[in-house]
Amino acid sequence: STPKPSSAASDVYKRQVPNFGVTPREIIRTLCMVNQALHLPHTIHVHTNRLGQPGNYATTIETMKCVEDLSSDDSPSIHITHCQFSAFKGSGWHNMSSGAEEIAKYVNHHTHVTLDIGQIVFTDTTTMTADGPWQYTLYELSGNKWINHDVETETGSGIVPFRYRRKSYVHAVMWSIGLELALLVDDPWRVFLTTDHPNGAPFTTYPRIIAWLMSQKARKRALERINKRAKAKSLLPSIDREYTLQEITIITRAGQAKALGLQFKGHLGVGADADISIYDINPKRLDPSRDYKKFRKAFRKAAYTIKGGQIVV
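Residues numbered from 1 in each chain as written. Predicted model: local features only at pLDDT ≥ 70, side-chain atom pairs only at ≥ 80, totals over all residues. Heavy atoms only, no water.

Any chance you could explain the nonpolar core here in plain terms?
Most often, soluble globular proteins keep nonpolar side chains buried together rather than apart. In this structure, Ile 103, Trp 175, Leu 213 and Tyr 243 are the most contacted members of the largest nonpolar core, which totals 68 residues. The dominant element in this core, judged by the number of residues it contributes, is helix H6 (residues 169-184), at 11 residues. When neighbours within four sequence positions are excluded, Tyr 243 is seen to be in contact with Ala 182, Leu 183, Pro 188, Val 191, Leu 213, Met 214, Ile 248 and Ile 251. (Core = buried A, V, L, I, M, F, W, Y, C linked by side-chain atoms within 4.5 Å. Buried < 20%, exposed > 50% of the residue type's maximum accessible area, 1.4 Å probe, protein only. Helix = DSSP H or I, 4+ residues; strand = E, 2+ residues; numbered from the N terminus. Contact = heavy atoms within 4.5 Å.)

Help me understand the sheet that holds strand E1 (residues 44-46) in this model?
Strands in a sheet are paired, the pairing made by backbone hydrogen bonds, and the direction either parallel or antiparallel. The four strands are arranged E1-E2-E5-E9 in an open sheet whose pairing can be described as parallel. The sheet is open, and its two borders are formed by E1 and strand E9 (191-192), each paired with just one other strand. Examined bridge by bridge, strand E2 (residues 78-80) and strand E5 (residues 113-116) share three bridges and lie parallel to one another. Among the inter-strand pairings, Ile 78 is bridged to a residue of E5, identified as Val 113. (Pairing = 2+ DSSP bridges.)

Any chance you could explain the pairing of E5 here in plain terms?
A regular strand places its side chains so that they alternate between the two faces of the sheet. Alternating positions in E5 separate into two faces, Val 113 and Leu 115 on one and Thr 114 and Asp 116 on the other, with burial throughout. Here E5 runs beside E9; their pairing, made up of two bridges, is parallel. Among the inter-strand pairings, Asp 116 is bridged to a residue of E9, identified as Phe 192.

It is not clear to me how helix H7 (residues 206-214) should be interpreted in this structure. Could you clarify?
Given 3.6 residues to a turn, an α-helix orients residues that are three or four positions apart in the same direction. Most of H7 sits inside the fold, with seven of its nine residues counted as buried. Every buried residue of H7 is listed here: Pro 207, Ile 209, Ile 210, Ala 211, Trp 212, Leu 213 and Met 214.

Is there a simple way to explain the environment of Thr 23 in this structure?
Structurally, the position occupied by Thr 23 is in the loop between helix H1 (7-14) and helix H2 (24-37). Of the residues examined, Thr 23 reaches a relative accessible area of 9% and is grouped as buried. Residues Thr 23 and Tyr 13, spaced 10 residues apart in sequence, show a C-alpha to C-alpha distance of 6.0 Å. The residues contacting Thr 23, other than those within four sequence positions of it, are Tyr 13, Lys 14, Arg 15 and Gln 16.

In this structure, what is going on with the pattern of salt bridges? I would like to understand it.
When their charged atoms lie close together, side chains carrying opposite charge are able to pair. On inspection of all chains with the given rule, the structure shows 10 salt bridges. As a salt-bridge pair, Glu 102 and Lys 89 come within 2.6 Å of each other at their nearest N and O atoms. A residue pair is termed long-range when its members are at least 10 positions apart, and Glu 102 in helix H4 (residues 100-108) and Lys 89 in strand E3 (residues 88-89) qualify at 13 residues. By relative accessible area, which is 17% here, Glu 102 ends up buried. Under the relative-accessibility criterion, Lys 89 is labelled partly exposed at 22%. (Salt bridge = Lys/Arg side-chain N within 4 Å of Asp/Glu carboxyl O.)

How should I be thinking about the sheet that holds strand E8 (residues 156-163) in this particular structure?
With respect to topology, three strands assemble into an open sheet ordered E6-E8-E7, the strand pairing being antiparallel. For this open sheet the edge positions go to strand E6 (124-129) and strand E7 (147-150), each flanked by a neighbour on one side alone. Strand-to-strand twist in this sheet, taken as the mean axis angle between neighbours without regard to direction, amounts to 15°. Sheet topology places E7 next to E8; four bridges connect them, and they run antiparallel. Bridging from a neighbouring strand, Ile 147 pairs with Ile 159 of E8. Lying over the sheet, helix H5 (residues 132-142) contacts E6, E7 and E8, oriented at roughly 25° with respect to E8. (Axes fitted to C-alpha atoms, helices over the stretch in contact; angles between N-to-C directions.)

Geometry only, nothing functional implied.
Structure, rendered in structure tokens:
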């Protein structure tokens, strides 16, 4: 059931980095081994090669496979960050499609991987990354202003204001991929809610994403408004899973705390830090699938915010 990556994906990891004499595969494996040797509390955090390029889903699977043998106790050894941007099929933007199903199948059969989804939302946002060439591409595509600036390491930091559009085929496919990843990965402890803030969307859009995950009705409504060709290719109509409130708590709080080795965060047990958000929701009276708008509204503004046991808001 494990998808076989293309030879091109394998070659990316076998080619030596110019002037350094090491391959990407050697870098990732060695960092994993050092991480384990030092007993660090959380795994390495990997931005895959070919990020944002059609066909990169195979490279993502190869990335996960290359450290498959380094986890001996079923604990994670690698985290794939903002996986939506690394889950594209196709040979170009004209036939780009979702590789979420293949990635989810791999994750469901291997315990050494965690990932976050990097969900996009149809809104104004700001892309910000060290990938200078990609920022230049976004500048050309959008016509918006672009700045790229050197920072302290061998890279640069680029910023381009951006808007994800429902009627754009590529943007609509990307929107679908993030939700597909979250819904197709079985274990909520190994897939985390993110927007790669601010690249996919500001983190203030989390309530909208939570509504999509909890309500098939909310997803259906959103699907009706996106690019028709992207809608026809989306896996979402075939997915009936709806997240529970407990699963939302895991993918937004408890899962991250566990993955990061934070013993006093992400739970309400004895000794935990009293950093608590309380929302005005009565789950006994509301059905998230049907009343998703009320859940979305409630999550936009906490009724109480408690920090260190003190009510601050």
